Amino acid sequence: MAERRLVRAAAAGAGQPCVGGAAEGSSREAGGIAAEGYDFVEDRTREGRKIRLLNVVDEFTRECLAIRVARKLGSADVIDVLADLFIARGTPGHIRSDNGPEFVATAVKGWISGVGAKAAFIEPGSPRENGYVESFNGKLRDELLNAEVFNTLAEARVLIEQWRVHYNTVRPHSSLGSRPPAPDVVVSGLPIPSPGRPGPTGSHQASVTILH
């Protein structure tokens, strides 16, 4: 089991994401997702070895679509993650990223173009232009990575996926009217109980603190 860290690092990326660069293609288009953003985050396991996380976020629903966790991630992994998502959810109009070598690789750009999407690169040194995924990265680091010590890569994968599911299905999002993103996408038709009122099974629901 992962050990809780005694001291959290200072919160990263405070404030609301800038939508100036992310606004293009950020509303849902008929038949698919208008835009997705993706980015890398790094952490380490207990012995100090680096792990990399590839995060993919739906800019319309704010849902985290995938987190790929490995010691090393390259352009082939980027294509693999996107291929799985496009098969399952359809091809978005835009894929937004920074100018990291894994994203600007010829193979990645060619693959994205080949499936009918467009690669939207932000200006160098302007991470807020990829505001939705940058905001997500800050929450991931503040709420999980800064709070846990992962003993192994396998443990990191399990705990990060558990957090991703919680983020999508339980955690309230102030930008979505205090609702999690996934129920509208995955469990449509199921009402979300109001805080303090009985749920579908009759159990009392505890009050929920809104996280920003």
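Provided above is the structure to which this section pertains.
Reading guide: rules and limits
- Per-chain numbering applies: the sequence of each chain, read as written, is numbered from 1 onward.
- Selection of residues for local features in this predicted model requires a pLDDT of at least 70, selection of side-chain atom pairs for listing and counting requires 80 or more, and totals for whole chains, interfaces and linings are taken over all residues.
- Excluded from the side-chain calculations are hydrogens and water; all other atoms, namely the structure's heavy atoms, are used.
- Helix and strand definitions follow DSSP, with helices as H or I runs of at least four residues and strands as E runs of at least two, each counted in order from the N terminus.
- As used in this structure description, the phrase polar contact means that two N or O atoms lie within 3.5 Å; if the pair is within protein, one of them must be able to donate a hydrogen and the other to accept it, and residues adjacent in sequence are counted only when both atoms belong to side chains.
- Should DSSP find at least two bridges between two strands, the strands are regarded as paired.
- Axis geometry follows a simple rule: fit a line to the C-alpha atoms, using only the stretch in contact for helices, then measure angles between N-to-C directions, giving values from 0 to 180 degrees.
- Residue contacts are defined here by distance: any two heavy atoms, one from each residue, within 4.5 Å place the two residues in contact.
- Residue count minus one, scaled by 1.5 Å, sets the expected span of a helix.
- For each residue, the accessible area found with a 1.4 Å probe, counting protein chains only, is set against the maximum for its type, and the residue is called buried under 20%, exposed over 50%, and partly exposed in between.

Of note, Ser135 is situated in helix α4 (residues 131-145). A polar atom in the side chain of Ser135 sits 2.7 Å from the side chain of Lys139.

Moving on to the sheet that holds strand β5 (residues 94-97). Strand order in the open sheet formed by 5 strands is β4-β3-β2-β5-β6, with mixed pairing between adjacent strands. This sheet does not close on itself; its edge strands, each paired only once, are β4 (64-70) and β6 (118-121). Averaged over all neighbouring strand pairs, the angle between strand axes comes to 25 degrees, with direction disregarded. Sheet topology note: the strand β2 (residues 35-44)/β5 ladder contains 3 bridges and is parallel. When the sheet's bridge partners are listed, Gly37 is paired in β5 with Arg96. In the packing of helix α3 (residues 106-114) onto the sheet, contacts are made with β2, β5 and β6, and the angle to β6 comes to roughly 130 degrees. Helix-sheet contacts for helix α5 (residues 153-169) involve β3 (50-58) and β4, and the interaxial angle to β4 is about 170 degrees.

Turning to α5, a few remarks are in order. Here α5 spans 24 Å end to end across 17 residues, near enough to the 24 Å set by a 1.5 Å rise per residue. Every buried residue belonging to α5 is among Leu153, Glu155, Ala156, Ile160, Trp163, Arg164, Tyr167 and Asn168, and all of these are buried.

Turning next to unusual backbone geometry. Located in the positive-phi region is Arg62, a residue other than glycine, with phi close to 70 degrees. Given the relative accessible area of 22%, Arg62 is considered partly exposed.

On to the pairing of β5, then. Where burial is concerned, the two faces of β5 agree: the one with His94 and Arg96 and the one with Ile95 and Ser97 are both buried. Taken together, the 4 bridges between β5 and β6 define a ladder with parallel strand orientation. The residue of β6 that forms the bridge with Ile95 is Ala119.

In short, shape yes, function no, at least from these values alone.
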